[in-house]
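Each chain, letter by letter, is given below.
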Amino acid sequence: MLHAYPDLLTGLRGSSGIEDFLDRKVRAALASLPAREFRTLSPGELEKACFARLKASLPASRYRYLHDTLSVEFPQEYEKLQRSGDTVFALLEILKESQSLFRDLKYGKPGEDARGIRYGIIESIRNGLC
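Calculation notes
Residues numbered from 1 in each chain as written. Predicted model: local features only at pLDDT ≥ 70, side-chain atom pairs only at ≥ 80, totals over all residues. Heavy atoms only, no water. Helix = DSSP H or I, 4+ residues; strand = E, 2+ residues; numbered from the N terminus. Expected span 1.5 Å × (residues − 1). Buried < 20%, exposed > 50% of the residue type's maximum accessible area, 1.4 Å probe, protein only. Contact = heavy atoms within 4.5 Å. Core = buried A, V, L, I, M, F, W, Y, C linked by side-chain atoms within 4.5 Å. Arc of directions from axis to C-beta.

Enquirer: How should helix α8 (residues 114–129) be read in this particular structure?
Expert: Count 3.6 residues to each turn of an α-helix, and residues three or four apart come out pointing the same way. Its 16 residues place the ends of α8 22 Å apart at the C-alpha level, agreeing with the 22 Å of an ideal helix rising 1.5 Å per residue. Among all positions in α8, only G116, I117, G120, I121, I122, S124 and I125 are buried. Check the buried side of α8 and you find it contacts α5 (62–73) and α7 (87–104).

Enquirer: Is there a simple way to think about the environment of A29 in this case?
Expert: Within the secondary structure, A29 sits in helix α2 (residues 17–32). Separated by 25 residues in sequence, A29 and L54 have C-alpha atoms that sit 6.1 Å apart.

Enquirer: Got a minute to help me understand the nonpolar core in this structure?
Expert: A general trend in soluble globular proteins is that nonpolar side chains are found buried together. Formed by 18 residues in total, the largest nonpolar core has its most connected members in Y65, L66, L70, F102, I117, I121 and I125. Contributions of two or more residues to this core are made by α5, α6 (75–84), α7 and α8. Sequence-distant contacts of Y65, defined by excluding residues within four places in its chain, comprise F102, Y107, A114, I117, R118 and I121.

Enquirer: I keep staring at helix α4 (residues 43–57) and nothing clicks. Help me out?
Expert: The end-to-end C-alpha distance of α4, which contains 15 residues, comes to 21 Å, matching closely the 21 Å that a straight helix rising 1.5 Å per residue would cover. Among the residues of α4, L46, A49, C50 and L54 are the ones counted as buried. Down the axis, α4 shows its buried residues gathered within 140° of arc, on one side only. More than 90 degrees from the buried face of α4, the exposed residues found are K48 and A56.

Enquirer: Honestly, the environment of Q82 in this entry has me stumped. Any pointers?
Expert: Looking at the element boundaries, Q82 is found in helix α6. For the pair formed by Q82 and S71, sequence separation is 11 residues and the distance between their alpha carbons is 9.9 Å.

Next up, the structure:
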């Protein structure tokens, strides 16, 4: 689940950042399950229900958006990055440069300018690959 959020993981690195984050998320997901589900669902079903709530609580992945856009719009460059093992590094660098674009165009929020984000991200990727 968190593999689609390396930017989130990078921000949480440190002594117990990831553990604290996951602990808070799991507690919130468990607290949101109705009591009857605890009595009627098997452990595997409870895990699935909890996991679904965990995923729903995560914001839209900026990294995943960049990754998907890179692979579709720049397939040759994507393949080169994949072969060299530099995909994550390159995308995190582009993500760093694109933070204000995502924020200003309200990525993943109501009122999002999807077309503006797409064109802006394509330009950011193009600049990041040069």
